[in-house]
Amino acid sequence: MATTTTTADAGIYTGAVPEDHIKAVAASPNPPSKPAKPDFGLDSLFGLVASAIAAPLYLYATLKGKFEVWDDVLNALPDSTFADHPAIDVGCGRGMVLLKLAQRKKRIAEAAGKGSDSIPLAYGIDIFSTADQTGNAPEATYKNALAMDVVPYTVLHTASFTETFPFEDNTFSLLTSNLAIHNAKREGRLDAVREMARVCMPGGTMIIIDLYGFFKDHKSVLVDELGWKDVDVSVVSWKMLYGVLPCQILKATKPTQ
């Protein structure tokens, strides 16, 4: 099922518009009813079991810590990052970060007395693997968007971050990814960073949070291969300590020329 974009997001695709799962589920014969609250499941059950005696830290990170970390990260960004261009969450799963992007866009639009057709939307792509997140499926993401009242601000596609994204160059002002890219093999991880860089608009922001140990490659792609200058990698606080594994955060800005 092909779908159409809003006026604000017209022309961002490289070909035919892929199915938007949010619209598809909403238009289905028996769409889910609105849940009382969103449910983002757990990160990998294998990771939880492998954490052994450090499992409480893993549970804290997946149930609370990562939400607080991303709130701090996104709240530090100016409204202009969200208001003027589309944003995308890569490997969005059940929508924890994606729907935070949509919430910010909704607040900006409502503050201006306008609706979702006035602002570029929040996009998410995922292959919806349940091995990477429990209950991972487009329907789960839709239900969370419904619970958070951001359905009109959210677009959801099936797409792999190890392959060419279905978007034009220089499309998004903000690109995020949370605990997703490490699931691919090394070349796939490098391709994911390259694709995020390609669809990032000049002056746009890229933010990746993932498990410790993968960011030397990420930074090398951006700095050594693509010539980005403003790339910072640091360790995330204890709030995202997955067992004994800390997380790192990459924040980068695409050069304007």
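Residues numbered from 1 in each chain as written. Predicted model: local features only at pLDDT ≥ 70, side-chain atom pairs only at ≥ 80, totals over all residues. Heavy atoms only, no water.

J.: Break down the environment of Gln 133 for me, citing the residues and quoting the values.
T.: Tracing the sequence through the fold places Gln 133 in the loop between strand S2 (122-126) and helix H6 (138-147). The class of Gln 133 is buried, set by a relative accessible area of 10%. As a C-alpha pair, Gln 133 and Glu 68 span 65 residues in sequence and 19 Å in three-dimensional space. (Helix = DSSP H or I, 4+ residues; strand = E, 2+ residues; numbered from the N terminus. Buried < 20%, exposed > 50% of the residue type's maximum accessible area, 1.4 Å probe, protein only.)

J.: So what about the sheet that holds strand S7 (residues 247-253)? Which residues, and what values?
T.: As a general point, the strands of a sheet are linked pairwise by backbone hydrogen bonds and lie either parallel or antiparallel. One open sheet holds the seven strands; their spatial order is S3-S2-S1-S4-S5-S7-S6, and the pairing between them is mixed. Edge positions in the open sheet fall to strand S3 (154-158) and strand S6 (230-235), since each of these has one partner strand only. The average angle at which neighbouring strand axes cross in this sheet is 15°, direction not considered. Sheet topology places strand S5 (residues 200-211) next to S7; seven bridges connect them, and they run antiparallel. Along S7, the bridge assignment pairs Ile 208 with Leu 250. Packing against the sheet, helix H3 (residues 55-75) makes contact with strand S4 (172-178), S5 and S7, and its axis sits at approximately 160° to S4. (Pairing = 2+ DSSP bridges. Axes fitted to C-alpha atoms, helices over the stretch in contact; angles between N-to-C directions. Contact = heavy atoms within 4.5 Å.)

J.: How would you summarise the state of the cysteines if you had to cite specific residues and measurements?
T.: In this structure the tally under the stated criterion is zero disulfides. No disulfide involves Cys 92; its sulfur sits 18 Å from the nearest other cysteine sulfur, which is in Cys 200. (Disulfide = S-S within 2.5 Å.)

J.: I'd like a description of the pattern of salt bridges, backed by residues and values.
T.: Applying the stated criterion across every chain yields a total of twelve salt bridges. Salt-bridge contacts for Asp 149 lead to Lys 34; the nearest nitrogen and oxygen are separated by 2.7 Å. A residue pair is termed long-range when its members are at least 10 positions apart, and Asp 149 in the loop between H6 and S3 and Lys 34 in the loop between helix H1 (21-26) and helix H2 (45-50) qualify at 115 residues. Taking relative accessible area as the criterion, Lys 34 reaches 48% and is therefore assigned partly exposed. Among the salt bridges present, the one from Lys 239 reaches Glu 68, with a minimum N-O distance of 3.1 Å. (Salt bridge = Lys/Arg side-chain N within 4 Å of Asp/Glu carboxyl O.)

J.: Explain the UniProt feature "domain: Methyltransferase type" (unreviewed entry) in the protein chain to me, using residue names and the numbers behind them.
T.: Feature annotation in UniProt places "domain: Methyltransferase type" (unreviewed entry) on residues 89-208, given in this structure's numbering. The span residues 89-208 shows a helical share of 33% and a strand share of 23%, and its end C-alpha atoms are spaced 10 Å apart. (UniProt positions renumbered as here; feature names shortened; annotations may be inferred.)

J.: With reference to specific residues and values, describe the packing of helix H7 (residues 186-199) against helix H8 (residues 215-225).
T.: Put simply, H7 and H8 touch, their axes get as near as 9 Å, and they point 50° apart. With respect to their mutual orientation, H7 and H8 come out oblique. For the pair H7 and H8, the crossing hand works out as right-handed. Where H7 approaches H8, its residues Arg 186, Arg 189, Leu 190, Val 193, Arg 194 and Ala 197 are matched on the opposing element by Asp 217, His 218, Val 221, Leu 222 and Glu 225. Broken down by class, the residue content of the contact of H7 with H8 amounts to five nonpolar, one polar and five charged. (Parallel < 35°, antiparallel > 145°, perpendicular 65-115°, else oblique. Left-handed = near helix turned anticlockwise from the far one by under 90°. Nonpolar A, V, L, I, M, F, W, Y, C, P; charged D, E, K, R; others polar.)

J.: Go over the side chain of Ser 177, please, and point to the residues and values.
T.: Its place among the elements puts Ser 177 in strand S4. A polar atom in the side chain of Ser 177 sits 3.0 Å from the backbone oxygen of Val 90. (Polar contact = N/O pair within 3.5 Å; in protein donor to acceptor, adjacent residues only side chain to side chain.)

J.: Can you lay out the packing of aromatic side chains for me, pointing to particular residues and giving the numbers?
T.: On inspection of all chains with the given rule, the structure shows seven aromatic pairs. On the numbers, 6.4 Å between centres and 65° between planes, the contact of Tyr 13 with Tyr 123 is edge-to-face. Here Tyr 123 lies in strand S2 and Tyr 13 lies in the segment before H1, a separation of 110 residues in the sequence. An identical accessibility class is assigned to Tyr 13 and Tyr 123; each is buried. Ring geometry for Phe 40 versus Phe 67: centroids 5.6 Å apart, planes at 55°, classification tilted. Of this pair, Phe 40 sits in the loop between H1 and H2 while Phe 67 is found in helix H3, placing the two residues 27 residues apart along the sequence. Each member of the pair, Phe 40 as well as Phe 67, carries the same accessibility label: buried. One aromatic cluster is present, formed by Tyr 13, Tyr 123, Phe 167 and Phe 172 through successive ring pairs. (Phe/Tyr/Trp six-rings, centres within 6.5 Å; stacked < 30°, edge-to-face > 60°.)

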